[in-house]
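Working through the structure, step by step
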Amino acid sequence: MSELNNIALKIIGKGKGILAADESTGTMTKRLESVGVLSTPENRLMFREALFSSTSMTDCIGGVILYDETIKQISSKKTKITELISDMGSLPGIKVDTGAKVLAGSPDEKITEGLDGLRDRLKEYYKIGAKFTKWRGVYNITKDFPSKLAISSNAHALARYSALVQECYMVPIVEPEVLMDGEHSAEDCYEKTSNVIEKCFEELISHKVDLKGIILKPNMILAGNKSKNKISNDEVAKLTLKCLKNCVPSEVPGIAFLSGGQSELEATENLNLINKYNDTKFIMSYSYGRALQQSALKFWSKDIKDIKGTQKIFNHRAKMNTLAAQGNWSKGLEI
Ligand code: 5MM
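Notes on the structure follow. Quantities reported herein were computed from a predicted structural model and do not represent experimental measurements.

About the thresholds
- Residues numbered from 1 in each chain as written.
- Predicted model: local features only at pLDDT ≥ 70, side-chain atom pairs only at ≥ 80, totals over all residues.
- Heavy atoms only, no water.
- Pairing = 2+ DSSP bridges.
- Helix = DSSP H or I, 4+ residues; strand = E, 2+ residues; numbered from the N terminus.
- Polar contact = N/O pair within 3.5 Å; in protein donor to acceptor, adjacent residues only side chain to side chain.
- Contact = heavy atoms within 4.5 Å.
- Salt bridge = Lys/Arg side-chain N within 4 Å of Asp/Glu carboxyl O.
- Buried < 20%, exposed > 50% of the residue type's maximum accessible area, 1.4 Å probe, protein only.
- 1 Å grid on protein atoms, 1.4 Å probe; cavity = no way out; pocket = protein on both sides within 12 Å on 5 of 7 lines; lining within 4 Å.
- Points joined across faces, edges and corners; volume = space filled by probe spheres on them.
- Nonpolar A, V, L, I, M, F, W, Y, C, P; charged D, E, K, R; others polar.
- Axes fitted to C-alpha atoms, helices over the stretch in contact; angles between N-to-C directions.
- Parallel < 35°, antiparallel > 145°, perpendicular 65-115°, else oblique.

Sheet analysis places strand β1 (residues 17–20) next to strand β2 (residues 61–66), joined by 4 bridges and oriented parallel. In the sheet register, G17 faces β2, and the bridge partner there is I61. The sheet contact formed by β1 and strand β10 (residues 283–288) spans 2 bridges and is parallel. Within β10, the position partnered with I18 by the bridge is S287.

Set out below in structure tokens:
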């Protein structure tokens, strides 16, 4: 087994999943301000450190995706954040894209940037202790989108990024996120997500990326958030599995879904059903941001000194998702 494959399995094997705590400062500021907390580097670290030192980091969270600011911060115990995470038994990772920008030639769509100078930045992150990385391509659904241009340019960037990351001994998380915003049907989401994922693998293969040493982070197949024709959780799970079975090469060790705006409960329930019906060899786990942090953030904002209470809420969510990643969750376990 290759070293990269080993790392991937450490992150998402045995029911473990990923905490996506890589919100850029702009996004984190929105999240903190929405619950009435001032967005300072100290407050951003205080909340994140509460999560990173929770007991679920040992049993449930196999990897944490950090943002550049966080990976360079020092914890309240005067240790490096990467050490804090490793000491808890989890692996530190880092978001290395520099964000989604207007796509020249199709200005209503986005292309993710960050390839210039990436090789040197990767060496720096590796030295600080990162074991894996993340890059997110973003696609929206309309009658004409995602365009062929958006699909191919983002796939090309994801593949160039992945090749550079593996060259630097880290596991790339490949995140093509087809957004749930809009009135589209689940069938549209299925078709467009399939096109996006197929193109990603075509490019990953051309760029000689070792597919055993990546983790795919896709969206689930859902109807748009403004669609009048919502589908059941059962259908979400079945369509998601069908899409991934058709589009993902069998060498890929596993898939870690993003939550993409689903509620905490929905994201857990859908993951659980995906695992109940999973007839593939892929590990099906989670890499949730909002669906792991929302309740904990709300609780913390009421008394930012109550770290224990915040951790209790986070531990519960992490545990529920780890059960769901094994198909062992049920509603009765929720508090
Ligand atoms: C944590 O949020 C990440 C994006 O942050 P920026 O938009 O500030 O760069 C995002 O990539 C996240 O990792 C994934 O979308 C998964 O998060 P959700 O909340 O969708 O599970």
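The topology assignment puts E23 in the loop between β1 and α2 (25–34). A distance of 3.0 Å separates polar atoms of two side chains, one belonging to E23 and the other to R48. Engagement of the side chain of E23 in a polar contact is seen with the side chain of Q293, the distance being 2.9 Å. The contacts of E23, once residues within four sequence positions are left out, are M28, R31, R48, Y67 and Q293.

The subject of this paragraph is the pattern of salt bridges. Scanning the model with the defined rule gives 18 salt bridges in all. When the shortest N-O distance is used, the salt bridge between E23 and R48 registers 3.0 Å. Here E23, found in the loop between β1 and α2, pairs with R48, found in helix α3 (residues 41–52); they are 25 residues apart in sequence, far enough to count as distant. The residues E23 and R48 share a single accessibility class, namely buried. For the salt bridge of D234 with K238, the shortest nitrogen-to-oxygen distance reads 3.6 Å. Here K238 and D234 lie together in helix α10 (residues 233–247), a separation of 4 residues that amounts to about one turn. Given the relative accessible area of 30%, D234 is considered partly exposed. Overlapping salt bridges bring together D22, K95, K134, R136, E175 and E177 as one network.

This part is about the pairing of strand β3 (residues 91–95). Counting buried residues along β3, 5 of its 5 residues qualify, which places the element largely inside the surrounding structure. Side chains L91, G93 and K95 of β3 all project onto a buried face; the interleaved residues P92 and I94 project onto the opposite face, where all are buried too. Relative to strand β6 (residues 132–139), β3 is paired through 3 bridges, and the arrangement is parallel. If you follow I94 over to β6, its bridge partner there is T133.

With that settled, consider empty space enclosed by the protein. This model, assessed by the stated rule, comprises 1 cavity of 30 Å³ or more. If you add up the space inside the largest cavity, you get close to 70 Å³. If you trace the largest cavity, you find it lined by E177, V178, L179, M180, C189, N219, M220, L222, L258, S259, G260 and Q262. Taken together, the residues of the lining of the largest cavity sort by class into 7 nonpolar, 4 polar and 1 charged.

What follows is about the packing of α2 against α3. The N-to-C vectors of α2 and α3 enclose an angle of 80 degrees; their axes lie 11 Å apart at closest approach. If you check the angle between α2 and α3, you find them roughly perpendicular. Listed contacts from α3 to T25, M28, T29 and L32 of α2 are R44, F47 and R48.

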